[in-house]
Amino acid sequence: MIETPEHVRGPEYYDSVFVKDLPWYSCDPEKSHFYSLWKRMLELSKHRIIDIGCGPGQVAQLAVRMGHEYVCGIDYSLVAVARARERCPELM
């Protein structure tokens, strides 16, 4: 079995980050400093969106607002996934 390098953080670390409800993770996507990047990425994506490392679902929320019908978010953190589900219940 290959050991995980020490610098790789597991789900517990990310759960501890997302449970803090930090402003840059809890704000609407339009208020994030990543907004222009996310918007452009979604403009170039015509069909299905798979957001790996979705965090609390800001990209998914923006994708829904921009009219994307199929969005799938994947994250290490169950806390982040729960936040994303709260943010985008229509994607359940």
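It should be emphasised that the depicted structure is a prediction, and the values quoted were computed from it without experimental measurement.

Caption draft 1: A look at the environment of Val 64. Secondary-structure assignment places Val 64 in helix α4 (residues 58-65). Residue Val 64 is classed as partly exposed on the basis of its relative accessible area of 25%. For the pair Val 64 and Cys 88, spaced 24 residues apart in sequence, the C-alpha to C-alpha distance is 8.2 Å. Setting aside residues no more than four positions away along its own chain, Val 64 makes contact with Glu 90 and Leu 91.

Caption draft 2: Up close: the pairing of strand β1 (residues 49-52). A one-sided burial pattern is seen for β1, the buried positions being Ile 49 and Asp 51 and the unburied ones Ile 50 and Ile 52. Relative to strand β2 (residues 71-74), β1 runs parallel, the two being bridged by 4 bridges. Pairing of Ile 52 across the sheet is with Ile 74, part of β2. In the classification by handedness, the crossover that spans β1, the intervening α4 and the parallel β2 is right-handed.

Caption draft 3: Looking closely at the layout of surface pockets. The computed volume of the largest pocket comes to approximately 290 Å³. Along the wall of the largest pocket there are 15 residues; nearest its centre are Phe 34, Trp 38, Gly 53, Cys 54 and Gln 58. Elements with a contribution of two residues or more to the lining of the largest pocket: α2 (23-26), α3 (35-44) and α4. Counted by class, the lining of the largest pocket contains 9 nonpolar, 5 polar and 1 charged residues. In this structure, the second largest pocket occupies an estimated 210 Å³ of space. Lining the second largest pocket, in full, are Cys 54, Ala 60, Val 71, Cys 72, Gly 73, Val 81, Ala 84, Arg 85, Cys 88, Leu 91 and Met 92.

Caption draft 4: The arrangement of the packing of aromatic side chains in detail. For the structure on display, the rule yields 5 aromatic pairs. Here the aromatic rings of Tyr 13 and Tyr 14 are separated by 5.0 Å at their centres, their planes lie at 85°, and the arrangement is edge-to-face. Among the residues examined, Tyr 13 registers a relative accessible area of 34% and is labelled partly exposed. The exposure class of Tyr 14 is partly exposed, given its relative accessible area of 30%. Here the aromatic cluster, defined as three or more aromatic residues joined through ring pairs, consists of Tyr 13, Tyr 14 and Tyr 76. In this structure, Arg 9 is placed above the aromatic ring of Tyr 13, and the distance from its NZ or CZ to the ring centre is 4.3 Å. A cation over a ring is seen here: Arg 48 above Tyr 70, with NZ or CZ 4.7 Å from the ring centre.

Caption draft 5: Quick look at the pattern of salt bridges. What the rule picks out here adds up to 4 salt bridges. One salt bridge in this structure joins Arg 65 and Glu 30, with 2.5 Å as the shortest N-O distance. One end of the pair, Arg 65, is in helix α4; the other, Glu 30, is in the loop between α2 and α3, with 35 residues separating them in the sequence. Residue Arg 65 is classed as partly exposed on the basis of its relative accessible area, which comes to 44%. Judged by its relative accessible area of 34%, Glu 30 falls in the partly exposed class. Residue Lys 39 is joined to Glu 43 by a salt bridge in which the shortest nitrogen-to-oxygen separation is 3.3 Å. With Lys 39 and Glu 43 both in helix α3 and 4 residues apart, this pair spans about one turn of that helix. You can call Lys 39 partly exposed: its relative accessible area is 31%. Glu 43 sits in the partly exposed class, given a relative accessible area of 34%.

Conventions we followed
Residues numbered from 1 in each chain as written. Predicted model: local features only at pLDDT ≥ 70, side-chain atom pairs only at ≥ 80, totals over all residues. Heavy atoms only, no water. Helix = DSSP H or I, 4+ residues; strand = E, 2+ residues; numbered from the N terminus. Buried < 20%, exposed > 50% of the residue type's maximum accessible area, 1.4 Å probe, protein only. Contact = heavy atoms within 4.5 Å. Pairing = 2+ DSSP bridges. Right-handed = clockwise from strand over helix to strand, strands pointing away. 1 Å grid on protein atoms, 1.4 Å probe; cavity = no way out; pocket = protein on both sides within 12 Å on 5 of 7 lines; lining within 4 Å. Points joined across faces, edges and corners; volume = space filled by probe spheres on them. Nonpolar A, V, L, I, M, F, W, Y, C, P; charged D, E, K, R; others polar. Phe/Tyr/Trp six-rings, centres within 6.5 Å; stacked < 30°, edge-to-face > 60°. Lys NZ or Arg CZ within 6 Å of the ring centre and 35° of its normal. Salt bridge = Lys/Arg side-chain N within 4 Å of Asp/Glu carboxyl O.

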